[in-house]
Amino acid sequence: MKSIRSKVFTAILLITLFTSLAVTFLFYRKSARMIEENYSSTLHSKNVRTVENLDEMLRNIYHININASCSPQLRTDLQAYLSHPDDAILEHCSEQLKIFSRQNTSISSIYLLIPEYRALAASEDYPACKKDIDEADIQAVIQTSDKNAGPVLLDDLAHEDSVTLSFVETVTDKNQNTIGYILSNIDTHSLYYHYIAGIDDGMVKEAVLLNRENRVIASLEQSPVGNLYVRAETYQPWMAEKERTGIDRENLYSFCEAPFSQCRLFIIAEKSAVLENLIETRRYFFGVLIIFLILSLLPASYLTNAIYRPLGRLTCAMHKVSQGDLDTRAEIVSKDEIGSLAADFNQMLFRIQELIHQLLQEETQRKDAELEALQYQITPHFMYNTLNAIKCSAILKGEQELGQIIGGFIELLQACINKKGAFLTVAEDIHILENYIRLQEFRYGSHFHVQYQIAPETRECLIPRLVLQPLVENALLHGIDIKNKDSRLDIISETADGILYLKVKDNGRGMTKEQIDTLLNSKAPKTKGLTAVGIPNVRDRLRLYYGDRAGITYESGKDGTTAVICLPLSRSEF
């Protein structure tokens, strides 16, 4: 039978003979669903009670922590220590912390952190106080106090290689200035034994207690405390609400989030373990039916596989292609319509790959040609201007200092003509710019002053080659007044929020809005001078390299004009 229609028709005739199996299966599924729902309800009730008890305990510790942070005696001792650091004061603070620690048995320790002296007093007997606390740990506590009321997972300040669940409160002086921090800590091991271990009834395969950031506080699998829960993304649908229960093909799920602490308890039970007794009954029941049905099931199974095997493989191939794997090919296992469809599908994929390869080659060639054309538009006129500057200097000053001018000019020619790499560091581009400005100073007789404000963190940032020179030349020709001895140029580089800003600022005559619009929106002609080419050239190169992530703007007023280039911060080759 080569027709899918005939295969489906025959399969329907055979399946109709065995409707009794469907009835039996429905009874089984109903029984299984009742057992699953009852266990799921019990499991979720246990989850809710556990979270409520945990939340109540954490709420109590939170209030203890607040009371400790407001203790007048602790505040007085802390101010005394800040005025006169003495270990005896820290030991006295430790005794006071022990009083608060005894108010709840779940508190493993309470710390009084003094950032100014990198010291702490602890409610423990050892160490009762500690100094030279790691600065990174101190900053973690400070940032936590600014962002969260708690509880949060922190590295134990007094014990290495230990993580605690902590509440953090500030201690302030009478002027409300922060002078210290109170940390009430709960040992994660005790949380495991009190709240997680008791959940395991032989059917629970996973139980994990998480904080609001999905970091592990305690787990049945003994996952590393403080790490992100590795399966949080997989189980995100079950953890999207405050409370959630559910069942899939393999597991039962229960999720509950505490309202106060926002701690989360996620429990997974194996369905096979829950239905173990029912499975035994099912085996006996189906064992009787198998004898009567096996002869008829085999032909039905054969026909069903004959129908769906090629279709399933074709669907799998299509799914892989939809994920971007164009090297996948559908396996042709039959000569019917599905086989013909698989062959056409494979031919279509082959043609798509050819077209993509051709398109990529054409796009790469087009972009390379366009970039190279834009890059080297600037060179002939730049050489022309520079040679004129050297010629004028030789006529006006003789041969004195001519060697310096020629040396700087050689570096500029090398920077313009060298084709190795389309990008330079800010420091390299500034060096080229300095040579150019020295030439212009000779040309104009040092009638302007240049100030460089290069932020150290920007010096190794990558920028397109010769992106600043056109801005400086435009400022010299159209911005500053060379006759004014107070003419000034500021070359600035700085970063903010992952963006690199390059600025060329002058104190010249300024530009009108119409002039700025004409400058920024004009096309880069191929036969005119650098001033006409430079700014559009920079604009077009930025668009080609970065798309919408970079650009050039002008701001002008009575105090002069500022050209600003902004582009993504990068310290590695493209």
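So, here is what we can say about the structure in this document. (Residues numbered from 1 in each chain as written. Predicted model: local features only at pLDDT ≥ 70, side-chain atom pairs only at ≥ 80, totals over all residues. Heavy atoms only, no water.)

### Digging into unusual backbone geometry
The condition is simple: Helix and strand labels come from DSSP, where a helix needs a run of H or I of at least four residues and a strand needs a run of E of at least two; each type is numbered from the N terminus. Summary of the burial criterion: residues with accessible area below 20% of their type's maximum are buried, those above 50% are exposed, and those between are partly exposed, where the area comes from a 1.4 Å probe applied to protein chains only.
At the junction of Y126 and P127, the peptide bond is cis and its omega measures out at -5° in the coordinates. Among the structural elements, P127 can be located in the loop between β2 (119-122) and β3 (129-130). Here the phi dihedral of Q176 falls at roughly 65°; this positive angle occurs in a residue that is not glycine. With respect to the element layout, Q176 can be found in the loop between β5 (163-172) and β6 (178-187). The exposure class of Q176 is exposed, given its relative accessible area of 60%. One non-glycine residue with positive phi stands out, namely Q262, at about 60°. Along the chain, Q262 turns up in the loop between β10 (251-257) and β11 (264-270). Judged by relative accessible area, which is 29%, Q262 ranks as partly exposed.

### Regarding a negative patch on the surface
Counted only if it meets this: Each patch is built from salt-bridge-free residues with over 30% relative accessible area, joining like charges within 9 Å and nonpolar side chains (Val, Leu, Ile, Met, Phe, Trp, Tyr) within 5 Å. Areas reported here follow the Shrake-Rupley algorithm with a probe of radius 1.4 Å; residue values treat only the protein chains shown as occluding. A pairing counts as a salt bridge when a side-chain nitrogen of Lys or Arg comes within 4 Å of a carboxyl oxygen of Asp or Glu. His is not counted, nor are the chain ends; Lys and Arg add positive charge and Asp and Glu add negative charge. The atom standing in for a charge is NZ when the residue is Lys, CZ when it is Arg, CG when it is Asp and CD when it is Glu.
Together, D134, E135, D155, E160 and D161 give the surface a local cluster of negative charge. Secondary-structure assignment places E135 in helix α5 (residues 135-147). Under the relative-accessibility criterion, E135 is labelled partly exposed at 37%.

### A word on the pairing of β11
Selection rule: If DSSP finds at least two bridges between two strands, the strands pair.
Counting buried residues along β11, six of its seven residues qualify, which places the element largely inside the surrounding structure. Where strand β7 (residues 204-210) and β11 come together, six bridges link them in antiparallel fashion. Bridging across to β11, V208 finds its partner in F266. Relative to β11, β10 runs antiparallel, the two sharing seven bridges. Within the sheet, the bridge partner assigned to N251 lies in β11 and is E270. Adjacent in sequence and paired antiparallel, β10 and β11 are bridged by six residues, among which Q262 carries a positive phi angle near 60°.

### What to know about the sheet that holds strand β16 (residues 499-506)
The line we're drawing: To obtain an axis, a line is fitted to C-alpha atoms, over the contacting stretch when the element is a helix, and the angle between two such axes runs from 0 to 180 degrees between their N-to-C directions. Contact definition: two residues touch when any of their heavy atoms are within 4.5 Å.
Spatial ordering of the open sheet is given by β13-β15-β16-β18-β17, a layout of five strands whose pairing is mixed. Both outer strands of the open sheet, β13 (448-454) and β17 (551-557), are each paired with one neighbouring strand and no more. Strand-to-strand twist in this sheet, taken as the mean axis angle between neighbours without regard to direction, amounts to 15°. On the sheet, helix α11 (residues 426-444) packs against β13, β15 (487-496) and β16 and is oriented at approximately 175° with respect to β13.

### Notes on the layout of surface pockets
Spelled out, the test is: Cavities and pockets are found on a 1 Å grid laid over the protein atoms alone: a cavity is a set of points where a 1.4 Å probe fits but cannot escape, a pocket is an open set with protein on both sides within 12 Å along at least five of seven lines, and a lining residue has an atom within 4 Å of such a point. Grid points are joined across faces, edges and corners, and a volume is the space filled by probe spheres set on the points. The nonpolar class holds Ala, Val, Leu, Ile, Met, Phe, Trp, Tyr, Cys and Pro. Asp, Glu, Lys and Arg form the charged class, and all remaining residues, Gly among them, are polar.
Reported here for the largest pocket is a volume of approximately 380 Å³. Sort the elements by how many residues they give to the lining of the largest pocket and α5 lands first, with seven residues. Here the lining of the largest pocket is built from residues that sort into nine nonpolar, five polar and six charged.

### Comments concerning the pairing of strand β9 (residues 243-247)
Taken together, the five bridges between β9 and β10 define a ladder with antiparallel strand orientation. By the bridge assignment for β10, I247 is matched with L252. With antiparallel pairing between neighbouring strands as the criterion, β9 and β10 make up a hairpin whose turn holds three residues.

### What to know about the packing of α11 against helix α12 (residues 469-479)
Spelled out, the test is: Should an angle fall under 35 degrees it is called roughly parallel, over 145 degrees roughly antiparallel, and 65 to 115 degrees roughly perpendicular, with every other angle called oblique. In this scheme, a crossing is called left-handed if the near helix is turned counterclockwise away from the far one by less than a right angle; it is called right-handed if the turn is clockwise.
Across the interface, α11 lies against α12 with an axial gap of 10 Å and an inter-helix angle of 20°. Relative to α12, the element α11 is oriented roughly parallel. By crossing handedness, the relation of α11 to α12 is classed as right-handed. Between α11, through L433, Y436, I437, Q440 and Y444, and α12, the contact on the second element is made entirely by Q469, V472, E473, L476 and L477.

### Digging into the nonpolar core
Quick reminder of the rule: To form a nonpolar core, buried Ala, Val, Leu, Ile, Met, Phe, Trp, Tyr and Cys residues must be joined to one another through side-chain atoms within 4.5 Å.
Ranked by internal contacts, the top residues of the largest apolar core, which has 55 residues, are L54, L58, L112, I182, L191, I196 and V204. Examining the composition of this core, we find that 12 residues originate from one element, helix α2 (residues 19-69), more than from any other. In this structure L191 touches L54, M57, L165, I186, I196 and I217, once residues within four positions along its chain are discounted. In this structure, V504, M511, I516 and L520 belong to the second largest nonpolar core, which totals 39 residues.

### What about the packing of aromatic side chains?
Test applied: The rule is short: rings of Phe, Tyr and Trp, with Trp giving its six-membered ring, pair when the centres are within 6.5 Å, and they are stacked under 30 degrees, edge-to-face over 60, tilted in between.
Per the stated rule, a full pass over the model turns up 13 aromatic pairs. Each ring, one from F423 and one from Y545, has its centre 4.7 Å from the other, and the planes form 55°; the classification is tilted. With a gap of 122 residues between them, F423 in strand β12 (residues 423-425) and Y545 in helix α14 (residues 530-546) connect regions that are remote in the sequence. Looking at Y545, the relative accessible area reads 15%, which means it is buried. Among the aromatic side chains, those forming a connected cluster through ring pairs are Y235, W238, Y253, F255 and F266.

### Observations concerning the pattern of salt bridges
Evaluation of the coordinates by the stated rule reveals 18 salt bridges. Here E221 and R231 are joined by a salt bridge, their closest N and O atoms 2.7 Å apart. Here E221, found in the loop between β8 (216-219) and β9, pairs with R231, found in the loop between β8 and β9; they are 10 residues apart in sequence, far enough to count as distant. Overall, the relative accessible area of 42% leaves E221 in the partly exposed class. Its relative accessible area of 26% is what places R231 among the partly exposed residues. E494 is paired through a salt bridge with K503; the nearest N and O atoms lie 2.9 Å apart.

### Some details on the packing of helix α3 (residues 72-83) against helix α4 (residues 87-101)
Across the interface, α3 lies against α4 with an axial gap of 10 Å and an inter-helix angle of 160°. Taken together, the axes of α3 and α4 are roughly antiparallel relative to one another. Crossing of α3 over α4 shows left-handed handedness. Within the contact between the two elements, α3 uses Q73, L74, D77, A80 and Y81 and α4 uses I89, L90, H92, C93, Q96, L97 and F100. Residues of the contact of α3 with α4, tallied by class, amount to eight nonpolar, three polar and one charged.

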